[in-house]
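Descriptive structure summary
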Amino acid sequence: MSEIQSSSLTWDQVIILDQVLDEVIPIHGRGNFPTLEVKPKCIIHVVKDQLIEQGIIVKDTRLNGSTASYILASHNGISYKDLDVIFGVELPNDQEFQVVKDAVLGCLLDFLPQGVKKEKITLKTMKEAYVQKMVKVCNKHDRWSLISLSNNTGKNVELKFVNSLRRQFEFSVDSFQILLDPMLDFYSDKNAKLTQESYPVVVAESMYGDFQEAMMHLQCKLICTRKPEEIRGGGLLKYSNLLVRDFKPACEAEIKTLERYMCSRFFIDFPDIVEQQKKIESYLRNHFIGEEKSKYDYLMTLRGVVNESTVCLMGHERRQTINMITLMALKVLGEQNILPNTDSVTCFYHPAPYFASDGGYPSYYATPGQPPPIFFQPYHPLHLHVPNGMV
């Protein structure tokens, strides 16, 4: 029996898609640059038209990842942060990458408020003011670029221009892509009105392969993937995030093997402890904005996976990584002025010697042939309980 890789959106799902595309998202400028008020349907349409005008072949436009998952299963408590849009384009050489970049930055000028003198603003200035990050990947299997527009609340507008991309998902629940071109054509008709009797046929696909199986995973909040060793970072950070959000492994018998693959690939891509910490800190910044209280749970979940499933590191390297994550978790608690439950760990303090003194310095004498007497201040053991065996 062949796998079904796509399905048409229902009327209710089309309504949610329309709401997402029509929502005003602020693009925050750095310094004195004004905030841009952008509707996704507008910027997607403008960028697509500009690319075509500049001679770039645009095959399709898609809504990707968590936003697509939200549209398909918003009733199940699924949420999203970034608005991830994919433009399927042809990028045969480096010149096309530059054309894409200039086209996007030029389009942003159109969203500046009235009264701003656009003539004196360069594309470089627009990049420095409104772009959070830019990525360009060119190798044997992958040829794509990413322009992420800044949003202080974490809802970044991420525009990805893909010629080829070998791996387009981490887990089945984030493998969905919704083709937007029928909606864009519908919006272009000023006389068209979205009704249950008259709405465009919009198709959703699953890069996981089996659409129905992926939908079942999404609706039941189950974790499943294929070949995690192919994912940069192994999907380890995303996996821990899913666990914190009450997703459960689809197959308990396989998950430990998958965890080992995730950890192995993570430490291959980020072998140095400094790189590991930077990657985790970046993930926290991008995925836990406004969720400060969840950071500790996330870090302790990540620590548990690394502790139980890492087989590719030497003992001291593994302990070093676990200690780093532990310290990050404690730092998060400190920033929130929260102390963990401390019932089952005993910490012994080592007080400094106490000497009776006259004046400003300690004074003592030793009886010949005997060691000098040393008196210690009394102490009381403090009992601490740290979750998940943290010491």
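Quick note: structure is the one above.
What you see is a predicted model; the values in this text were computed from it and never measured.

1. Points about helix H2 (residues 40-53)
With 14 residues, H2 ought to run about 20 Å at 1.5 Å a step, and its terminal C-alpha atoms sit 20 Å apart, in line with that. The set of residues buried in H2 consists of Pro40, Lys41, Ile43, Ile44, Val47, Lys48 and Leu51. Two residues or fewer after H2 comes Gly55, characterised by a positive phi angle close to 90 degrees.

2. Quick notes on the pattern of salt bridges
Here the structure, examined in full by the defined rule, presents 16 salt bridges. A salt bridge links Lys41 to Asp22; the shortest N-O distance between them is 2.8 Å. Highlighted residues: Lys41 in helix H2 and Asp22 in helix H1 (residues 11-22), separated in sequence by 19 residues. Note that Glu205 is salt-bridged to Arg62, the shortest N-O span being 2.9 Å. Here Glu205, found in strand E10 (residues 203-206), pairs with Arg62, found in strand E4 (residues 58-64); they are 143 residues apart in sequence, far enough to count as distant. For Glu205, a relative accessible area of 22% puts it in the partly exposed group. Where salt bridges share partners, they join Asp22, Lys39 and Lys41 into one cluster.

3. Some thoughts on unusual backbone geometry
Leaving glycine out, the prevailing phi sign among residues is negative, and the prevailing peptide bond configuration is trans. Even without a glycine there, the phi angle at Lys221 is positive, about 55 degrees. Position of Lys221 relative to the elements: it lies in the loop between helix H7 (211-220) and strand E11 (222-223). Note on Lys221: relative accessible area 22%, which makes it partly exposed. Not every positive phi belongs to a glycine, and Lys227 is a case in point at roughly 50 degrees. With respect to the helices and strands, the residue Lys227 is situated in the loop between E11 and helix H8 (236-244). For Lys227, a relative accessible area of 52% puts it in the exposed group.

4. Notes on the packing of aromatic side chains
Two aromatic rings, taken as a pair, are described by how far apart their centres are and by the angle between their planes. For the coordinates displayed, the defined rule picks out 11 aromatic pairs. Geometrically, the ring pair formed by Phe87 and Phe161 is stacked, given 5.0 Å between the ring centres and 15 degrees between the ring planes. Of this pair, Phe87 sits in strand E5 (residues 83-89) while Phe161 is found in strand E8 (residues 157-164), placing the two residues 74 residues apart along the sequence. Here Phe87 and Phe161 have matching classes, each one buried.

5. Let's talk about the sheet that holds E10
Overall, mixed pairing links the eight strands, which are arranged E1-E10-E9-E4-E5-E8-E7-E6 in an open sheet. Either end of the sheet is taken by a strand with one partner, and the two such strands are strand E1 (6-8) and strand E6 (131-138). Put simply, the sheet's adjacent strands are angled 20 degrees from each other on average, direction ignored. Of the pairings in the sheet, the one linking E5 to E8 comprises six bridges and is parallel in character. Bridge pairing links Gly88 to Val162 in E8. Where helix H5 (residues 123-130) meets the sheet, its contacts fall on E6 and strand E7 (143-149), and the angle it forms with E6 comes to roughly 110 degrees.

6. A short note on helix H11 (residues 292-309)
Over its 18 residues, H11 runs 27 Å from end to end, which matches the ideal 26 Å to within 8%, given 1.5 Å per residue. Looking only at H11, the buried set comprises Lys295, Tyr296, Tyr298, Leu299, Met300, Leu302, Arg303, Gly304, Val305, Val306 and Ser309. Packing partners of the buried residues in H11 comprise H8, helix H9 (252-269), helix H10 (273-287) and helix H12 (315-335).

7. Focus on the side chain of Lys238
Relative to the elements of secondary structure, Lys238 occurs in helix H8. Sequence-distant contacts of Lys238, that is, excluding residues within four places in its chain, are made with Glu170, Phe171, Asp174 and Tyr283.

8. A closer look at the packing of H10 against H11
H11 packs onto H10 with a crossing angle of 145 degrees between their chain directions and a minimal axis gap of 11 Å. For the pair H10 and H11, the crossing hand works out as right-handed. Contacts from Ile280, Tyr283 and Leu284 in H10 reach Lys295, Tyr298, Leu299 and Leu302 in H11. Here the residues of the contact of H10 with H11 sort into six nonpolar, no polar and one charged.

Cut-offs applied
Residues numbered from 1 in each chain as written. Predicted model: local features only at pLDDT ≥ 70, side-chain atom pairs only at ≥ 80, totals over all residues. Heavy atoms only, no water. Helix = DSSP H or I, 4+ residues; strand = E, 2+ residues; numbered from the N terminus. Expected span 1.5 Å × (residues − 1). Buried < 20%, exposed > 50% of the residue type's maximum accessible area, 1.4 Å probe, protein only. Salt bridge = Lys/Arg side-chain N within 4 Å of Asp/Glu carboxyl O. Phe/Tyr/Trp six-rings, centres within 6.5 Å; stacked < 30°, edge-to-face > 60°. Pairing = 2+ DSSP bridges. Axes fitted to C-alpha atoms, helices over the stretch in contact; angles between N-to-C directions. Contact = heavy atoms within 4.5 Å. Left-handed = near helix turned anticlockwise from the far one by under 90°. Nonpolar A, V, L, I, M, F, W, Y, C, P; charged D, E, K, R; others polar.

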